[in-house]
Amino acid sequence: MTGGDEVGRYLRERWRALGEAGALFTRPWEGLDEEAARARVDPHGRLGDLAGRRVLCLAGGGGQQSAAFARLGARVTVVDLDGGQLARDRDAQAVVQADMRDLSTLAGSAFDVVYQPYSINFVPDLRAVVGSVDDVLAPAGVYVVWLANPFARGVGTRDWIGQGYLLRHPYLEGAPYEGRDEEWVAPDLSGVPPPREYTHTLGGVVAALAEVGLHLFALDEHTGPADAAPGTWAHLKSVLPPWFTLWARRPGAAPA
Ligand SMILES: C[S@@+](CC[C@H](N)C(=O)[O-])C[C@H]1O[C@@H](n2cnc3c(N)ncnc32)[C@H](O)[C@@H]1O
């Protein structure tokens, strides 16, 4: 069963521990007005009017994106592996405890938007995730997926070596790497297993999308200010944006 393997066991343990540590990812977004909600999940207004639209927050528990989409009037479903995270999605219409690699419990669904916050690098098999998304995406649906910048995976502020950041993980689709959580993740990470993630190359991701007929139409890079102090998170972002957000849709689907 997907999620019952070693990858799934490790992820359940890590996310249980992150919940206990009160990690940033487990703190719901409170009191969003419409403008703030839009800025969080759709800052360029690519999704258009979301009132009544069916949105799936994939591996998106914790009460953040679900709160934003609900504030924008969407009908929100959340899938997450961790029950503690799902308990925080108080504004969602439905929550489903499942692994992102197997969305068979949602068979027959047709979501207008599948929004996947940073999580796809937690699993080695990209195609399992993208294939599952394909199964539940409406004919004119949009898939929004965050991923680690393929060229900066596993690089953190502790990798500052005086003149730059050390890159050391092989650039191979599906290759595992271990990192260290940044200090902003939680005040005390002593009981939390360190991040164990998998490389997804730019070519690998584009190919996985293309194989299910999804067309990339935008790519956002999470950059930082040019004047930050070396070795800080803001500086790392300015040199090596840690995340990309890819926007893909079915061919023929009209832009919002
Ligand atoms: C970095 S958080 C992103 C979502 C969160 N709403 C946020 O804004 O920080 C990643 C989420 O993915 C979930 N997750 C980890 N592995 C998963 C898997 N294999 N399938 C589904 N969800 C998974 C975690 O429980 C966590 O809630």
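Refer to the structure above for everything that follows.
In short, a report on the structure. (Residues numbered from 1 in each chain as written. Predicted model: local features only at pLDDT ≥ 70, side-chain atom pairs only at ≥ 80, totals over all residues.)

1. A closer look at the overall build of the chain
- If you tally the helices and strands in the chain, you get 7 helices and 9 strands.
- Here the C-alpha atoms of the chain give a radius of gyration of 18 Å, agreeing with the 18 Å that 2.2 N^0.38 yields for 256 residues.
- Across the 256 residues of the chain, 38% fall into the buried class. (Helix = DSSP H or I, 4+ residues; strand = E, 2+ residues; numbered from the N terminus. Rg over C-alpha atoms; globule rule 2.2 N^0.38 Å. Buried ≥ 20, exposed ≤ 12 C-beta atoms within 10 Å, placed from the backbone.)

2. As for unusual backbone geometry
- Unlike most non-glycine residues, Ala59 shows phi in positive territory, near 50°.
- Relative to the helices and strands, Ala59 is located in the loop between strand 1 (54-58) and helix 3 (65-71).
- Here Ala59 falls in the buried class, since 28 other C-beta atoms lie within 10 Å of it.

3. Remarks on the packing of helix 5 (residues 126-136) against helix 6 (residues 202-211)
- Contact geometry of helix 5 with helix 6 gives a least axis separation of 9 Å together with a crossing angle of 35°. Judged by the twist between their axes, the crossing of helix 5 over helix 6 is right-handed. Across the interface between the two elements, Leu126, Arg127 and Val130 from helix 5 touch Gly204, Val205, Ala208 and Leu209 from helix 6.
- Residue composition of the contact of helix 5 with helix 6, by class: 5 nonpolar, 1 polar and 1 charged. (Axes fitted to C-alpha atoms, helices over the stretch in contact; angles between N-to-C directions. Left-handed = near helix turned anticlockwise from the far one by under 90°. Contact = placed C-beta atoms within 7 Å. Nonpolar A, V, L, I, M, F, W, Y, C, P; charged D, E, K, R; others polar.)

4. Description of the nonpolar core
- The biggest cluster of nonpolar side chains holds 57 residues, and the ones touching the most others in it are Val55, Leu58, Phe69, Val114 and Tyr143.
- The element best represented in this core is strand 5 (residues 137-148), accounting for 7 residues.
- The residues touching Phe69, leaving out its near neighbours within four places in the chain, are Val41, Leu50, Val55, Cys57, Ala74 and Val76. (Core = buried A, V, L, I, M, F, W, Y, C linked by C-beta atoms within 7 Å.)

5. Examining the site of the ligand
- Taken together, 20 residues surround the ligand, and among them Phe25, Ala59, Gly62, Asp82 and Met100 come closest.
- Here the residues of the shell around the ligand are counted per class, giving 10 nonpolar, 7 polar and 3 charged. (Near = placed C-beta within 6 Å.)

6. Section: the environment of Ala87
- Residue position: Ala87 is located in the loop between helix 4 (83-86) and strand 3 (94-97).
- Through-space distance from the C-alpha of Ala87 to that of Gly61 is 8.1 Å; in sequence the pair is 26 residues apart.

7. So, the environment of Leu47
- Turning to its location among the elements, Leu47 is positioned in the loop between helix 2 (34-41) and strand 1.
- Given 22 C-beta atoms within 10 Å, Leu47 falls into the buried group.
- C-alpha separation for the pair Leu47 and Val142, spaced 95 residues apart in sequence, amounts to 8.1 Å.

8. A few points about helix 1 (residues 6-20)
- Here helix 1 is 15 residues long and its end C-alpha atoms lie 21 Å apart, about the 21 Å a rise of 1.5 Å per residue gives.
- The complete set of buried residues in helix 1 reads Leu11, Arg14, Trp15, Leu18 and Gly19. Down the axis of helix 1, the buried set is contained in an arc of 135°. They therefore lie on one face. The exposed residues of helix 1 that point more than 90 degrees off its buried face are Glu6, Arg9 and Glu13.
- Buried-residue contacts for helix 1 involve helix 4.
- Among the residues trailing helix 1, Gly22 stands out with phi positive, at a value near 65°. (Expected span 1.5 Å × (residues − 1). Arc of directions from axis to C-beta.)

9. Let's talk about the sheet that holds strand 3
- Strand order in the open sheet formed by 7 strands is 3-2-1-4-5-9-8, with mixed pairing between adjacent strands. With one partner strand each, in any of the chains shown, strand 3 and strand 8 (215-221) form the two edges of the open sheet. Sheet twist, expressed as the average angle between the axes of neighbouring strands with direction ignored, equals 15°.
- As paired strands, strand 5 and strand 9 (residues 243-249) are joined by 7 bridges and run antiparallel to one another. The residue of strand 9 that forms the bridge with Val142 is Arg249. (Pairing = 2+ DSSP bridges.)

Without other data, these values stay purely geometric and don't point to any function.
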